Structures are given as structure tokens and as C-alpha cells.
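So the chains spell out like this:
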Amino acid sequence: MPFIDLKKRVAQVKIVYYGPGRGGKTTNLEYIYSKFSDRMQTEMVSIKTQGDRTLFFDFLPVDMGKIAGFDVRVQLYTVPGQVKYNATRKVVLRGVDGLVFVADSLEATRKKNILSLKNLHENLASYDISIFDIPLVLQYNKRDLAQQGIPLLSVETLEKDLNSNLKVPSFEASALVGTNVVATLKKIITMTMASIESQLK
Amino acid sequence: MGYTFGIKELNAIEEALRHNLIDVGVNCVVLIDMAGNVIAEIDNGETKHDIYSLAALAAGNFGAVSAMAQIVGEDEFSLLFHKGDKECLHFSKIMTDLLLITIFGHDLSLGFLRLKVAETTKMIENILQS
């Protein structure tokens, strides 16, 4: 839930990147940080294990300028994707306003994508949020690997597995190269702001 | 569903934070919600901390500690304290969804700080319930 400060006319919005481990959630935030670091007042915060996996979350605040007379501050978070860290995933989801689900396009991770989306569904339900009601964008990451001959799931398969019921916007992307990273971010911000706009009036 | 605080409520909260905590020697005080949003922040004019990152980490930390409390059969640990060489951090839960973060040096005793935080907590609860 966004916090709207009527005194300073600031709205704070929380967007969480969710998905299976090693899917590219942190890489999304790292790309955004490298691209827009000149507009950011603070550094990206990462809590990682020694093996460089996300242990708790990454955090990146981005000032989006004015919407409906309010300064909008979007706070981007990732969750740890590894199955064993569900308790911390739930903590990070608290108060979420919008979600990006980063699916791994590798053929070998088909089941992990489906399980992670099911896990998101369950964790949102624990906060009485329906996955069908909250702003959500799907990102099919690592599409660039096709050029190296690595077997990937087709977009049709990913859509069928993940988006046949949700029917939300989806992007083919490469977080490492940057393809559609910003487009994904713009889409989720637009959808999230539309969902809270009535509260800013 | 979002939430807002009116200007009158925010002014009253900031006044309570300033009078009860900053004026007695606290370096910086931040009121956040459990999602990591910053609701109010006041400092003594000498500190320069990254409040937004601190809020995100504090909310996550408090959530993790609450989950630990449940594992050992407690409902929650409602306050946390971290002691540093120069700065100390004190976290105290207010009602169900707010967290008061106090940053202070060694010139202030923990006992006195806890007393002032308890007073401030009551004042903020009264402001929000009225």
C-alpha cells in the first residue's frame, strides 16, 4: 500500500521483482541503477550471501518526478528467489503496490517458473491480496541466450505456463544486455500509478 | 489500498518527535511503516544518513525478527537495539504497522532513551487514534 504524505506532497510506492532463483531479478535492478544512477540520490542496497546470491533483498529508490502534483518515489525491491528463503520473501512483499515477475527462459527452469508464480500467489494471499487484482507485469528474461544456441522455452510456452489465466502485459527481455528492462519498469510504474491515482486526487 | 496522514496529524507527530527526542539529544528519528515507507523524519541538523535505505532495511529487519519470534513461540519482539562505537539504533513498534527508529550517541543513556521513546509512542498513538 502506498504511503501518501499530504504535507510534503510525496507518494511512496513499493514495486517488488519476484521470480525463481538465478532468474535475473537483481540484474534488472543493477541495470536500472547503472542506467539512471545520475538521477538517484542513494546507492543500491544489496544483502547477499558470500556466493553472491540474494539473501534478503535488493533495494533501489527512484524519484519519478511529479504525478498529479505529488513527487512520486518508487522503491524497487527484489526478493531472494531460492525456495528455502520463503520467510524473507514474505517479509519483503509486505505493503507491495506492484509486481514484476521475472521468469527464466531457460528450458531447464520451466518447472521452477511455475512453482515460483504459485508461491507468489500463496504469499500474496497471506496478505489478503489477490494476484489477479494487483498490478503485475511478466518478464521473460535471458532471451539473448538463444543467439548462443542455448535451448530456451518459446514465448508461447511461457505465455501458456504463466499468463494463460493472468493475462497481464509481458516482455521478452535480457536483463544482462538491458533489452526491455526499462520498458518493463515503465509498464509496471504506469500500471501501479494508475491503480493509486484516484487516491492522489 | 493506500493510506494518508493529514497535515495536522503529521505536524503533531513531528512536534512530538522533536520535543521528546531531538530536544533531549537524539541525533535522528524516523517514523516508518512496516512496508519501509518513511512517514516522518527529524534530525538535529548535524547528521546526514540515507534515511530511505535505512527505512527499507529496518522494515525488513523487523519483519525478519518478528518471524524469528514466532518460531520460538513469541508473538513478537517489540523493540530492538543495536550498539555501535559512535551511534546506536533503537527500534520500537507503534500500534500494529509503524516503527520508530531512533539514532543516538553515547551521551544519552539507553534507559532514558527508552523512557522518552515510550512517552513518544503514547503521544503518537493518541494523535492517530483521535
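Residues numbered from 1 in each chain as written. Chains lettered and ligands numbered in written order. Predicted model: local features only at pLDDT ≥ 70, side-chain atom pairs only at ≥ 80, totals over all residues. Heavy atoms only, no water.

Below, the discussion takes up the confidence of the model for chain B. Considering every residue of chain B, the mean pLDDT works out to 92; 98% of them sit at 70 or more. For this predicted complex, the interface confidence reaches an ipTM of 0.75, while the overall pTM sits at 0.87. (pLDDT = per-residue confidence, 0-100.)

Turning our eyes to something else, we now look at the packing of helix H3 (residues 110-125) of chain A against helix H4 (residues 155-163) of chain A. All names here are of chain A. At a minimum axis distance of 10 Å, the contact between H3 and H4 shows a crossing angle of 30°. Comparing their axes, H4 and H3 come out roughly parallel. For the pair H3 and H4, the sense of crossing is right-handed. Counted together, Arg110, Asn113, Ile114 and Leu117 of H3 and Thr157, Leu158, Asp161 and Leu162 of H4 form the full contact between these two elements. Of the residues in the contact of H3 with H4, the class split is four nonpolar, two polar and two charged. (Axes fitted to C-alpha atoms, helices over the stretch in contact; angles between N-to-C directions. Helix = DSSP H or I, 4+ residues; strand = E, 2+ residues; numbered from the N terminus. Parallel < 35°, antiparallel > 145°, perpendicular 65-115°, else oblique. Left-handed = near helix turned anticlockwise from the far one by under 90°. Contact = heavy atoms within 4.5 Å. Nonpolar A, V, L, I, M, F, W, Y, C, P; charged D, E, K, R; others polar.)

This brings us to the packing of aromatic side chains. Residues and elements named next belong to chain A. Overall, the coordinates contain five aromatic pairs over all chains when judged by the stated rule. Aromatic side chains Phe56 and Phe57 sit 5.0 Å apart centroid to centroid with 70° between the ring planes, which places their arrangement in the edge-to-face category. For the residue pair Phe56 and Phe57, the accessibility class agrees, reading buried in each case. Each ring, one from Phe57 and one from Tyr77, has its centre 5.5 Å from the other, and the planes form 55°; the classification is tilted. Highlighted residues: Phe57 in strand E4 (residues 54-67) and Tyr77 in strand E5 (residues 70-78), separated in sequence by 20 residues. Relative accessible area serves as the criterion here: at 3%, Tyr77 is assigned to the buried category. (Phe/Tyr/Trp six-rings, centres within 6.5 Å; stacked < 30°, edge-to-face > 60°. Buried < 20%, exposed > 50% of the residue type's maximum accessible area, 1.4 Å probe, protein only.)

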